[in-house]
Amino acid sequence: MKYNRTFNFSAGPAMMPEPVLEEIRDEMMNYRGSGMCVMEMSHRSAVYQQIIDEAEADLRELMEIPDNYKVLFIQGGGTLQFAMVPMNLMKNGKAVYIETGAWSKKAIAEAKKYGEVVVAASSADKNFSYLPDCSDLDIPDDADYVYICENETIHGLTWNTLPNTKGHILVSDQSSMFLSRPCRVADYGLIWAGVQKNVGPAGMAVVIIREDLIRDDLASWVPTYLSYKTHADAGSLYNTPNCWAIYCCGKVFKYLKSIGGLQEMQKRNEAKAKVIYDFLDASSLFTGAVEKKDRSLMNIPFVTGDKELDAAVVAAAKAAGFDNLKGHKSVGGLRASVYNAMPIEGAEALVSFLKQFEAQHK
Ligand SMILES: *Cc1c(COP(=O)(O)O)cnc(C)c1O
């Protein structure tokens, strides 16, 4: 690789496309004749307004976001959305959550502070190694929404069929799969994503919300800043936003358009993940931790079945120049996160390393 960069398999923050980093570098000292770096720019300036407007327009084009949805750039990363969703969407004080791993568990714990949470399905019985059948859930009539984590970053699960919400609004945490494949926005009431997995620098979330869900009758205790209406009414410029992150995300949106959009991105992601899954399926040492039908294209957890050997392979991988392969402690073993910006060469290099390790440990 150019610049002596490493194949970074981190679950996040993660790799950015090199052409994007190069453009950012080229614009660092003087953004297009403005005489300033974007970091130094007023968020009320015309030049910055154009940056945020283009970022939104490019994202709308990429995801084909219908006109009756707002796109919001909100600070606080992904985690703040665990609270903002129930604060803003619980009208009846009740919501259905599907428990499929660490990130949906966090969402559930937070939502319980604001209302009643009905966990309608869970895969906790097998340490979140599969997705439960959600074709015929028991959903209370007065539930305000059904919530899923669409890609469980730690456990390595992805929803390939959305749950049957029986007419209720679907809310999805897409943090670790955002823009990794086409998405029919109209199937959701609200999609949110922390951006540092697949898009840009940490500290911000993109929220895509159907307009009729934006309320101005929230409880008086809801902080102004945590109301979606505040951000929607101000075009995500209620206060100084994360200008830098929005700028970088905008670059990634343009990059994705330039390579052929989300269909092309999905093709590349499938090819990349296949390199690793094919190896795991044929390996006598390593096994994938997730049922095949629910495997993530982005986060691939796998184990040897022996903790000491797992630790040895993580150490050997690091020495060989592959970074951040240690699995989360709740799953153990290893986890390769292969987000949009990981080139297929990274997956191939990892597999040839693992093959070699396997041959030496038979
Ligand atoms: C990383 C992640 C989050 C949390 O994002 P932060 O920006 O660190 O708060 C939430 N949900 C999922 C699925 C994630 O992968």
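Residues numbered from 1 in each chain as written. Predicted model: local features only at pLDDT ≥ 70, side-chain atom pairs only at ≥ 80, totals over all residues. Heavy atoms only, no water.

(A) Expanded view of empty space enclosed by the protein. Summed over all chains, the structure comprises two cavities of 30 Å³ or more. Of the pockets and cavities examined, the largest cavity occupies roughly 140 Å³. As for the largest cavity, its lining consists of Glu-23, Tyr-31, Arg-32, Gln-50, Ile-51, Glu-54, Ala-55, Asp-58, Tyr-247, Gly-250, Lys-251 and Lys-254. Broken down by secondary-structure element, the contributors of at least two residues to the lining of the largest cavity are helix 2 (46–63) and helix 6 (243–259). If you tally residues by element for the lining of the largest cavity, the top one is helix 2, at five residues. By residue class, the composition of the lining of the largest cavity is four nonpolar, two polar and six charged. Considered as a void within the structure, the second largest cavity measures approximately 30 Å³ in volume. (1 Å grid on protein atoms, 1.4 Å probe; cavity = no way out; pocket = protein on both sides within 12 Å on 5 of 7 lines; lining within 4 Å. Points joined across faces, edges and corners; volume = space filled by probe spheres on them. Helix = DSSP H or I, 4+ residues; strand = E, 2+ residues; numbered from the N terminus. Nonpolar A, V, L, I, M, F, W, Y, C, P; charged D, E, K, R; others polar.)

(B) Molecular detail of the site of the ligand. Near the ligand, the surroundings consist of 14 residues, among which Gly-78, Thr-79, Thr-153, Asp-173 and Lys-197 are the closest. At 2.4 Å, a side-chain N or O of Thr-153 approaches an oxygen atom of the ligand. Contact between the ligand and Asp-173: a nitrogen atom at 2.7 Å from a side-chain N or O atom of the residue. Protein contact buries 87% of the 380 Å² of open area that the ligand shows by itself. Its residues assigned to classes, the shell around the ligand shows four nonpolar, eight polar and two charged. (Near = heavy atom within 4 Å. Polar contact = N/O pair within 3.5 Å; in protein donor to acceptor, adjacent residues only side chain to side chain. Areas by Shrake-Rupley, 256 points an atom, 1.4 Å probe, with all protein chains shown as cover.)

(C) Up close: the pattern of salt bridges. Going through the model one piece at a time under the given rule, you end up with 26 salt bridges. For Glu-27, the salt bridge is made with Arg-32, and the minimal N-O distance between the two is 3.2 Å. A network of salt bridges, in which partner residues are shared, links Glu-54, Asp-58, Glu-61, Lys-254 and Lys-257. (Salt bridge = Lys/Arg side-chain N within 4 Å of Asp/Glu carboxyl O.)

(D) View of the packing of aromatic side chains. Scanning the entire structure with this criterion turns up 14 aromatic pairs. Ring centres 6.2 Å apart and planes at 50 degrees place the aromatic pair Phe-9 and Phe-322 in the tilted group. A residue pair is termed long-range when its members are at least 10 positions apart, and Phe-9 in the loop between strand 1 (7–8) and helix 1 (18–27) and Phe-322 in strand 13 (residues 322–323) qualify at 313 residues. You can call Phe-322 buried: its relative accessible area is 9%. Look at Tyr-97 and Tyr-147: their rings are 4.5 Å apart centre to centre, the planes differ by 20 degrees, and that puts the pair in the stacked class. Of this pair, Tyr-97 sits in strand 3 (residues 94–99) while Tyr-147 is found in strand 5 (residues 146–149), placing the two residues 50 residues apart along the sequence. Exposure class is identical for Tyr-97 and Tyr-147. Each is buried. Between the NZ or CZ atom of Lys-126 and the centre of the ring of Tyr-130, over which it lies, the distance is 5.5 Å. Lying across the ring of Trp-103, Lys-197 places its NZ or CZ 5.5 Å from the centre. (Phe/Tyr/Trp six-rings, centres within 6.5 Å; stacked < 30°, edge-to-face > 60°. Buried < 20%, exposed > 50% of the residue type's maximum accessible area, 1.4 Å probe, protein only. Lys NZ or Arg CZ within 6 Å of the ring centre and 35° of its normal.)

(E) A look at the layout of surface pockets. One number sums up the size of the largest pocket: a volume of about 330 Å³. In this structure, the largest pocket is lined by 21 residues; those nearest its centre are Tyr-255, Asn-340, Ala-341, Met-342 and Pro-343. Counting residues per element, the lining of the largest pocket draws most heavily on helix 7 (residues 261–282), which supplies five residues. When the residues that make up the lining of the largest pocket are grouped by side-chain class, the tally is 15 nonpolar, three polar and three charged. Built from parts of two domains, the lining of the largest pocket gets at least three residues from each of domain 1 (20–259) and domain 2 (261–360). (Domains from an automatic or database assignment.)

(F) Structural detail: the nonpolar core. Ranked by internal contacts, the top residues of the largest apolar core, which has 58 residues, are Leu-59, Met-63, Ile-98, Phe-178, Leu-179 and Ile-208. In terms of residue count, helix 6 provides more of this core than any other element does, ten residues in total. The contacts of Ile-208, once residues within four sequence positions are left out, are Met-63, Ile-65, Tyr-69, Lys-70, Val-71, Phe-178, Val-185, Gly-189, Leu-190 and Ile-191. Listed in part, the 35 residues of the second largest apolar core include Ala-273, Phe-286, Leu-309 and Val-351. (Core = buried A, V, L, I, M, F, W, Y, C linked by side-chain atoms within 4.5 Å. Contact = heavy atoms within 4.5 Å.)

(G) Main features of the state of the cysteines. Summed over the entire model, instances satisfying the criterion amount to zero disulfides. Between Cys-134, a cysteine without a disulfide, and Cys-149, which holds the nearest cysteine sulfur, the sulfur-to-sulfur distance is 13 Å. A relative accessible area of 6% means that Cys-134 is categorised as buried. (Disulfide = S-S within 2.5 Å.)

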